[in-house]
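# Geometric and topological summary
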Amino acid sequence: MYIKGLATNKRCLKVIEQRQGLIESIREKFVHVETCPFEGDRIFFENAGGSLRLKSVVETSALYASYPDNQGRENDASKSLVKSIEDGKAKMRLFFNAHRGDVIVGESGTELLFRLIRTAALELPEGGAMLSSTLEHPASMSAMKKWAKNTQRNHIIVEHNDDSGSVDEQAYIKKLTSDVRVVSIVHTSPVTGMTIDLEKITKEVRNVAPDCIIIVDGIQHSSHGAIDVQKYDIDGYVVSPYKMFSRHGYGVAWASDRLCTLNKEQLADGPFQNWELGTRDAGSYATFSDVVDYLDWLGSNFTESENTRERLEASSIAIKSHEKELVDLVINGAEDIVGLSNNKKIRIIGNPASTSREGVVSFFHKNKSSRTIVEELRQRKIRVHIRKDDHYCGNILRPLNQKDCIRFSICHYNSKAEVVEFMKAINEISAN
Ligand SMILES: Cc1ncc(COP(=O)(O)O)c(C=O)c1O
């Protein structure tokens with residue numbers, strides 16, 4: 001039941017809902033789990049748009065917003081703020097498994113992707129190419145496009161596979177050239193829900209262009225599985241805390257030693273190592289600590305390890321196995337309820353049988369508009385989101401000749417009972 005040596009003993013993990021009282025304890029730690037403060041009762045399946053917030057994050061945010069003091073002063077308030085920043089940074093390192101490099105707080109995930117990509121493009125030797133894939137969110141794609149143009153480099157595009165809803169190392173191998181200087185990669189697509197094999201892809205990238213800078217968008221992946229920058233052989237990894245149980249208002253990134261040594265935008269004559277611009281918000285570091293503490297607590301239900309990183313990894317294994325159960329249920333159904341893949345009027349985006357899906361099932365109805373379905377679900381107190389062929393999702397929907405789709409997205413605090421409610425509702429709606 002417990003995980004002792006994590007690496008060897010993953011099999012014995014019992015999924016979250018089979019453990020007495022655990023799903024209830026998890027849900028107890030979040031706000032607005034069953035009720036929207038604006039619309040009343042609802043089941044929340046809009047997690048890819050932003051996760052539920054931890055109660056601890058809400059309390060910490062209010063507390064830090066109340067402090068008038070600034071950092072770098074000789075008083076206890078100021079020292080306490082600096083300590084929160086240092087503690088936050090230490091927990092960010094644990095979260096990313098980063099023994100080297102630096103952890104950075106920025107305005108948002110998009111801003112950090114732009115900043116890391118811009119820094120690499122402006123500071124690396126002239127010439128060569130930059131390489132992205134069509135699976136990427138416009139945050140990294142737009143930054144790569146702009147900075148390839150501004151630094152007069154070729155922008156190479158790797159095509160994702162419409163049937164699988166993903167991209168693999170073979171697609172990269174076809175497009176890689178030895179003069180590639182910057183590569184952007186999305187860890188998990190927020191539209192198809194597919195996670196890519198980061199280790200395999202970066203290995204192939206490094207085989208062809210060993211010195212390139214690799215920046216990873218982990219914004220959709222971060223709430224669904226562990227991050228281990230030690231393993232990936234990359235230079236930057238970006239997450240958005242509002243997608244992983246914290247709040248809006250900041251983004252967090254890890255940058256490799258190599259990326260950190262490049263010139264960056266900063267105050268003239270200020271410390272060279274600083275990435276942050278202006279006074280730091282201690283509350284963002286403190287709320288990130290809350291997230292890591294929460295995952296640590298979750299992991300401690302599955303391992304007796306004294307090591308925090310091992311407890312974080314245990315939480316990730318638990319999250320993955322619980323989410324897999326929910327995703328399998330919604331796609332394949334159960335004895336007494338039809339799943340999305342068996343509903344002839346519905347088409348799922350990406351391979352329904354894939355084991356790489358992380359928390360997202362996007363689909364469309366062959367006769368009914370996505371807008372109508374989202375509204376009919378809303379009337380049944382179930383919140384999902386429409387995704388359209390626009391600058392956010394056109395990369396996935398346009399090749400399918402699809403104007404829009406419905407995105408159902410879960411996190412580990414969702415229960416089987418909630419998923420069954422959704423399934424009953426969608427089967428009823430699609431039959432009418
Ligand atoms: C994969 C991915 N990248 C980037 C973004 C943009 O993140 P942010 O809103 O924090 O800038 C999102 C948001 O949905 C996303 O899912």
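Note that the structure is predicted; figures quoted are calculated from it, not measured. (Residues numbered from 1 in each chain as written. Predicted model: local features only at pLDDT ≥ 70, side-chain atom pairs only at ≥ 80, totals over all residues.)

## As for the overall build of the protein chain
Looking only at helices and strands, the protein chain features 14 helices and 17 strands. Its C-alpha atoms give the protein chain principal-axis dimensions of about 65 × 50 × 45 Å. When the 432 residues of the protein chain are sorted by exposure, 47% land in the buried category. Restricting to contacts in the protein chain with at least 6 residues of sequence separation, those with at least 24 account for 70%. (Helix = DSSP H or I, 4+ residues; strand = E, 2+ residues; numbered from the N terminus. Buried ≥ 20, exposed ≤ 12 C-beta atoms within 10 Å, placed from the backbone. Contact = placed C-beta atoms within 7 Å.)

## Considerations on the site of the ligand
As a structural note, the neighbourhood of the ligand is formed by Ser108, Gly109, Thr110, His137, Ala139, Val186, Pro190, Asp217, Ile219, Gln220, Ser240 and Gly251. A class-by-class count of the residues in the shell around the ligand yields four nonpolar, seven polar and one charged. (Near = placed C-beta within 6 Å. Nonpolar A, V, L, I, M, F, W, Y, C, P; charged D, E, K, R; others polar.)

## Here we look at the pairing of strand β5 (residues 129–133)
β5 sits mainly inside the fold: five of its five residues count as buried. In β5, alternate side chains face the same way, and those of Ala129, Leu131 and Ser133 on one face and Met130 and Ser132 on the other are all buried. Here five bridges tie β5 to strand β6 (residues 154–158), and the two strands are oriented parallel to one another. Following the sheet pairing, serine 133 is matched in β6 by valine 158. After leaving β5, the chain enters helix α5 (residues 138–150) and then returns to the sheet as β6, a path that is right-handed. With three bridges joining them, β5 and strand β7 (residues 180–186) adopt parallel strand pairing. Pairing of leucine 131 across the sheet is with valine 183, part of β7. (Pairing = 2+ DSSP bridges. Right-handed = clockwise from strand over helix to strand, strands pointing away.)

## Considerations on the domain arrangement of the protein chain
Annotation of the protein chain at the domain level lists domain 1 (10–53 + 308–431) and domain 2 (62–292). On a C-alpha basis, the centroid separation for the pair domain 1 and domain 2 is 26 Å. On the side of domain 2, 28 residues touch domain 1, which itself brings 33 residues to the contact. Listed by contribution, the elements that provide at least two residues to the side of domain 1 that touches domain 2 are α11 (308–332), β14 (360–365) and α13 (394–397). For the side of domain 1 that touches domain 2, the leading source of residues is α11, giving eight residues. Here the residues of the side of domain 1 that touches domain 2 sort into 13 nonpolar, 12 polar and eight charged. (Domains from an automatic or database assignment.)

## With respect to the sheet that holds strand β17 (residues 404–409)
Hydrogen bonds along the backbone pair up the strands of a sheet, which may run parallel or antiparallel. Strand order in the open sheet made by the four strands is β13-β14-β17-β16, with antiparallel pairing throughout. At either margin of the open sheet sits one strand with a lone partner, and together these are β13 (346–348) and β16 (385–388). With direction set aside, neighbouring strand axes in the sheet form an average angle of 35°. Two elements, β16 and β17, share four bridges in a ladder whose sense is antiparallel. If you follow arginine 387 over to β17, its bridge partner there is cysteine 405. (Axes fitted to C-alpha atoms, helices over the stretch in contact; angles between N-to-C directions.)

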